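A structural walkthrough
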Amino acid sequence: VLDLVIRGGHIITAEGEFDADLGVVGERIAALAAPGTLSEARRTIDAAGLLLLPGLVDPHVHMGHRIFLEGAWVPAADDFATGSATAAAGGTTTVIDFAIQRDLGPVETVAARRGEADGRVVLDYALHPALTRATPENLAAIPALLEAGCPSLKLYMIYRKQGRMADDAVLFNALAVTRGRGLVGVHAENSAIAEYNTELAIQEGRTTPIDFARSKPNYVEAEAINRALFLAEETGGTLYIFHLSARESLTLVAMARARGVKVIAETCAHYLTLSDEVYEREDGHRFICSPPLRSRADVEALWEGVDSGLLSVVSSDHCGFDSAAKDRGRADFTKVPNGLPSVGARLPLIYTHGVLAGRITLPRMVDLLSTAPAKIFGLYPQKGALLPGSDADLVLVDPGARRTVSASSWDSPVDWTPFQGMELGGWPVATIARGVVRAEEGRCRRDGEASGRFLPRSLGGVVRAPGPQARHTAGGGERGLGAVRAKKEESS
Ligand SMILES: [Zn+2]
């Protein structure tokens, strides 16, 4: 007998849409059947008139983030418990956060980060280790990170002064070592140019929010992406570009793909729905994030990139700094902690600006928000799918509801939202994680235990870039530095 039946919903997957009943046994999907044919169950949810999607996978969140500013740590308002609750309220059932290296080795950093999440996080989660030191010891730790279920690294190409930057040698070697069995994600911005521009702006007293955006023009991102693409090509490794924001970057990704570089690109909901005009507002400083919000022409180019498949994923890059933390930099952009709270808003934003605006189909939305990230990061078909045997991670959406966004649209300790006042559709009615109703009508249910689990991942031999233009897969065969050296010797 089934534990749960969701009856009469309109199912949307990355492959298509159809009406069906969906049955759950325990934590997993047990059956999909013709409407009205699954009736025997301990619990039934009537989904007539609702869309039923696989739970969303957000591969780029920062829960309980903190940054070092003016000699002190500035913490985000949320943590793994409250941040994942907000994610659940927004229709997400899996998050991938980061283990950013500070004082420990990479493997110890992962363990410490798991210590912050386990027993508190309400959703299943995984981690991208972020290596921040250019040392042989760090590179030597990469095989152990793969063993620990973390085959996707993140390297910052910027933030040298904050001690977060991994230099080009680390990037080159990480791409080589993970070749065929992992991937390297980058925060791509040219550190030297951005730092120089920032210092000049400070000297000349140009520290308003729009001056921040001007300190990191499109070429700051595009140059770093160009460099990373070259290194990916040289090594044969797979490159994942986090939060691509500039139209020039898309051109570079298209050119690289055409010559066979293994590259997957992500953008974030805010780059598709906000533009740099917000920096002229009185509260413009709150919108400071990196890369900065771009021009309307860039926003349009990003939607074209979504349409063409150059962009495979739309993440949130959630960062839960509250208004007090943001307002430290009201008059000086260098004092603003970067990042936007957005983990709850991804679904209504993309449903409204994408589907309702006629830019993408519902299956394409499911791919961008759930299936593609699950596949890229080694979680599919446990996550990102509505298949028998997949985790019963589900989101029910009311296609007709429209609401005006405010900070209280979701459970969250963060007291502001960058999307304040937007009228959006596509709100989740219920979010079900591994068979348990985790959120309803924007509220996370706290009656269950914090049952989120760490998801160890493997990328095996193949990392596939999904989407209409996906043609390139990571090669198997030789691995690591030895293979790269062999390749270089062959060609020299
Ligand atoms: Zn981020």
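See the structure shown above.
Residues numbered from 1 in each chain as written. Predicted model: local features only at pLDDT ≥ 70, side-chain atom pairs only at ≥ 80, totals over all residues. Heavy atoms only, no water.

Turning our attention to the environment of Gly460. Within the element layout of this structure, Gly460 appears in the loop between β21 (443-444) and α15 (480-491). Judged by its relative accessible area of 34%, Gly460 falls in the partly exposed class. Measuring from C-alpha to C-alpha, the distance between Gly460 and Ala325 comes to 41 Å, with 135 residues separating the pair along the chain. (Helix = DSSP H or I, 4+ residues; strand = E, 2+ residues; numbered from the N terminus. Buried < 20%, exposed > 50% of the residue type's maximum accessible area, 1.4 Å probe, protein only.)

With that out of the way, let us pick up unusual backbone geometry. Here the residue pair Ser290 and Pro291 is connected by a cis peptide bond, since its omega of -5 degrees sits within 30 degrees of zero. Topologically, Pro291 is positioned in the loop between α10 (269-273) and α11 (296-308). With an omega of 5 degrees, the peptide bond running from Tyr380 to Pro381 counts as cis. Checked against the element boundaries, Pro381 lands in the loop between α14 (362-376) and β18 (394-404). Its identity is not glycine, yet Glu70 carries a phi of approximately 50 degrees, on the positive side. Locating Glu70 in the fold gives a position in the loop between β8 (66-69) and β9 (72-75). Exposure remark for Glu70: the relative accessible area of 53% places this residue in the exposed category. In the Ramachandran plot, Arg434 falls in the positive-phi region, its phi being about 45 degrees despite a non-glycine side chain. Take Arg434: it is sitting in the loop between β19 (423-433) and β20 (436-440). A relative accessible area of 9% places Arg434 in the buried class.

Under the 1.5 Å per step criterion, the end-to-end length of helix α9 (residues 247-258) is 17 Å for 12 residues, consistent within 8% with the ideal 16 Å. For α9, the set of buried residues is Ser249, Leu250, Leu252, Val253, Ala256 and Arg257. Viewed along the axis of α9, the buried residues span an arc of 160 degrees, placing them on a single side of the element. Positive backbone phi, approximately 95 degrees, marks Gly260, located one or two places after α9. (Expected span 1.5 Å × (residues − 1). Arc of directions from axis to C-beta.)

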